[in-house]
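Geometric and topological summary
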Amino acid sequence: MLEIPSEISLTVCVVVCFLVLFLKLPFSSEQLSYILSSMNFLSNILREEGGFEYKKAIVDSIIILIRDIPDAKESGLFHLCEFIEDCEFTYLSTQVIIY
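Predicted, not measured: the structure shown is a model, and the values here were computed from it.

Thoughts on the environment of Ser 75
Within the secondary structure layout, Ser 75 lies in helix H4 (residues 73-85). For Ser 75 and Ile 62, which are 13 residues apart along the polypeptide, the C-alpha to C-alpha distance reads 9.7 Å. What Ser 75 contacts, discounting residues up to four positions off in sequence, is Leu 36 and Met 39.

This is the structure:
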């Protein structure tokens with residue numbers, strides 16, 4: 001059975017699981033709109049209040065999408081750049097800049 005650490009909210013687990021399952025699908029150009037919609041969803045929830053682990057899981061998910069799907073790179077980098085403008089977590093800002 002999968003054990004979920006208590007510091008990670010259920011919402012984060014759902015988002016991460018959704019993305020892991022989504023990335024297992026074979027990528028085609030028809031699916032790009034779904035990927036960009038998912039990235040917009042992640043960007044929107046990234047702007048909401050949340051703790052470090054919550055935001056880290058979302059940033060990691062966007063980076064995975066960018067890394068694995070080249071067509072999503074421009075949109076993903078745009079969302080990450082918007083995030084680091086007001087990011088209160090230095091570690092996350094640094095991770096985005098390094099990527």
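Moving on, there is more to tell.
Comments concerning the nonpolar core
In terms of nonpolar packing, the biggest core is built from 20 residues, with Ile 58, Val 59, Ile 62 and Leu 80 touching the most fellow members. Of all elements in the fold, only helix H2 (32-46), helix H3 (52-68), H4 and helix H5 (90-98) reach the threshold of two or more residues within this core. If you tally residues by element for this core, the top one is H3, at seven residues. Look past the residues within four positions of Ile 62 in its chain and what remains in contact with it is Met 39, Leu 42, Ser 43, Leu 46, Gly 76 and Leu 80.

Focus on the packing of H2 against H3
It is the contact of H2 with H3, at a shortest axis distance of 10 Å, that shows an interaxial angle of 155°. By the criterion of interaxial angle, the relationship of H2 to H3 is roughly antiparallel. You can see that H2 and H3 cross each other, and the crossing is left-handed. Between H2, through Ile 35, Met 39, Leu 42, Ser 43, Ile 45 and Leu 46, and H3, the contact on the second element is made entirely by Tyr 54, Lys 55, Ile 58, Val 59, Ser 61, Ile 62 and Leu 65. Partitioning the contact of H2 with H3 into residue classes produces ten nonpolar, two polar and one charged.

Focus on the side chain of Ser 93
Locating Ser 93 in the fold gives a position in helix H5. Excluding residues within four positions of it along the chain, Ser 93 makes contact with Ile 84 and Cys 87.

Re the packing of aromatic side chains
Applying the stated criterion across every chain yields a total of two aromatic pairs. A centroid spacing of 5.6 Å and a plane angle of 70° characterise the contact between Phe 52 and Phe 89, whose relative ring orientation is edge-to-face. Placement of Phe 52 in helix H3 and of Phe 89 in the loop between H4 and H5 is noted, with a sequence separation of 37 residues between them. Take Phe 52: its relative accessible area is 27%, and that puts it in the partly exposed class. Given the relative accessible area of 17%, Phe 89 is considered buried.

Cut-offs used in this document
Residues numbered from 1 in each chain as written. Predicted model: local features only at pLDDT ≥ 70, side-chain atom pairs only at ≥ 80, totals over all residues. Heavy atoms only, no water. Helix = DSSP H or I, 4+ residues; strand = E, 2+ residues; numbered from the N terminus. Contact = heavy atoms within 4.5 Å. Core = buried A, V, L, I, M, F, W, Y, C linked by side-chain atoms within 4.5 Å. Buried < 20%, exposed > 50% of the residue type's maximum accessible area, 1.4 Å probe, protein only. Axes fitted to C-alpha atoms, helices over the stretch in contact; angles between N-to-C directions. Parallel < 35°, antiparallel > 145°, perpendicular 65-115°, else oblique. Left-handed = near helix turned anticlockwise from the far one by under 90°. Nonpolar A, V, L, I, M, F, W, Y, C, P; charged D, E, K, R; others polar. Phe/Tyr/Trp six-rings, centres within 6.5 Å; stacked < 30°, edge-to-face > 60°.

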